[in-house]
Amino acid sequence: FIPLLLGLARAGGVEPVPALFWAGAFNVLGGLTWDAPMCVQPMKTIAAVGIAEGLSSQQVALAGMMTSAMVLLLGASSAILLVARLVPDAVVRGMQLGLGMSLALKGCALIAADTP
């Protein structure tokens, strides 16, 4: 999460200090509420898309709020179990691969832009 957050901050998508503070605060709150730590996969995905697509801080914040609302709704209603049964692993892996490739291409483009 930290490397992606720093990359997103460098790209201008977020301010690192408030992002780290609120991510930590909500991780503690979630851990205390459900007696288990929450995964950071959605935050990593938002950061990767923000870097690869050059999202603004407002777009990143809205993506975070919408993702949080969806995770809360799915978790509180136990609908996440239905989603997990209906969505094949191949779809999840394909999305992860596509996102990883987008991030890698963005990294290569940044390296090429810095090369004299």
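Quick caveat, the model's predicted, so the values are computed rather than measured.

K.L.:
For this particular structure, what's the right way to read the overall build of the protein?
P.N.:
When you go through the protein residue by residue, the secondary structure sums to six helices and zero strands. The order of α-helices and β-strands along the protein, N terminus first, is α-α-α-α-α-α. In terms of its C-alpha atoms, the protein occupies a principal-axis envelope of roughly 55 × 35 × 20 Å. Counting every position in the protein, which comprises 116 residues, the buried fraction comes to 15%. Expressed as a percentage of contacts within the protein between residues at least 6 apart in sequence, the contacts between residues at least 24 apart total 59%. Total accessible area on the protein stands at roughly 8,300 Å², and carbon and sulfur atoms take up 73% of it. Taking the 5 positively charged and 5 negatively charged side chains of the protein as two groups, their mean positions are separated by 6 Å.

K.L.:
I tried to follow the packing of aromatic side chains on my own but got confused; where do I start?
P.N.:
Ring pairs (aromatic) are described by centroid distance and by the angle formed between their planes. Applying the stated criterion across every chain yields a total of two aromatic pairs. For the pair F21 and W22, a centre-to-centre distance of 4.9 Å together with 80 degrees between the ring planes defines the contact as edge-to-face. In this structure W22 comes out as partly exposed when scored by relative accessible area, which is 48%.

K.L.:
Looking at this model, I keep getting lost on the nonpolar core. Mind explaining?
P.N.:
Grouped together as the largest cluster of nonpolar side chains are 10 residues: L4, L5, L8, A9, V14, I46, A47, A48, I51 and V60. Breaking this core down by element, the ones donating at least two residues are α1 (2–10) and α3 (41–53). Excluding its chain neighbours within four sequence positions, the residues that come into contact with L8 are G13, V14, A47, G50, I51 and V60.

Rules used throughout
- All residue numbers here refer to positions counted from 1 along the written sequence of the relevant chain.
- The predicted origin of the model limits local features to residues at a pLDDT of at least 70 and limits the giving and counting of side-chain atom pairs to 80 or more, whereas totals for whole chains, interfaces and linings rest on all residues.
- To get the side-chain values, all heavy atoms of the structure are used, and hydrogens and water are removed first.
- A run of H or I in DSSP counts as a helix once it spans at least four residues, and a run of E counts as a strand once it spans at least two, with each numbered from the N terminus.
- Buried, partly exposed and exposed residues are distinguished by accessible area as a fraction of the type maximum, computed with a 1.4 Å probe on protein chains only: under 20%, between the cut-offs, and over 50%, respectively.
- Should any heavy atoms of two residues lie within 4.5 Å, those residues are counted as being in contact.
- To be clear on the numbers: accessible area is Shrake-Rupley with a 1.4 Å probe, and residue cover counts the displayed protein chains and nothing else.
- His is not counted, nor are the chain ends, whereas Lys and Arg count as positive and Asp and Glu as negative.
- In plain terms, the charge of a residue is placed at NZ if it is Lys, CZ if Arg, CG if Asp and CD if Glu.
- Note on ring pairs: Phe, Tyr and Trp rings are taken, using the six-membered ring of Trp, and paired if centres are within 6.5 Å. Classes follow the plane angle, with under 30 degrees stacked, over 60 edge-to-face and the rest tilted.
- Here, nonpolar core refers to any group of buried Ala, Val, Leu, Ile, Met, Phe, Trp, Tyr and Cys residues whose side-chain atoms link them within 4.5 Å.

Geometric descriptors of this kind do not, in isolation, establish any biological role.
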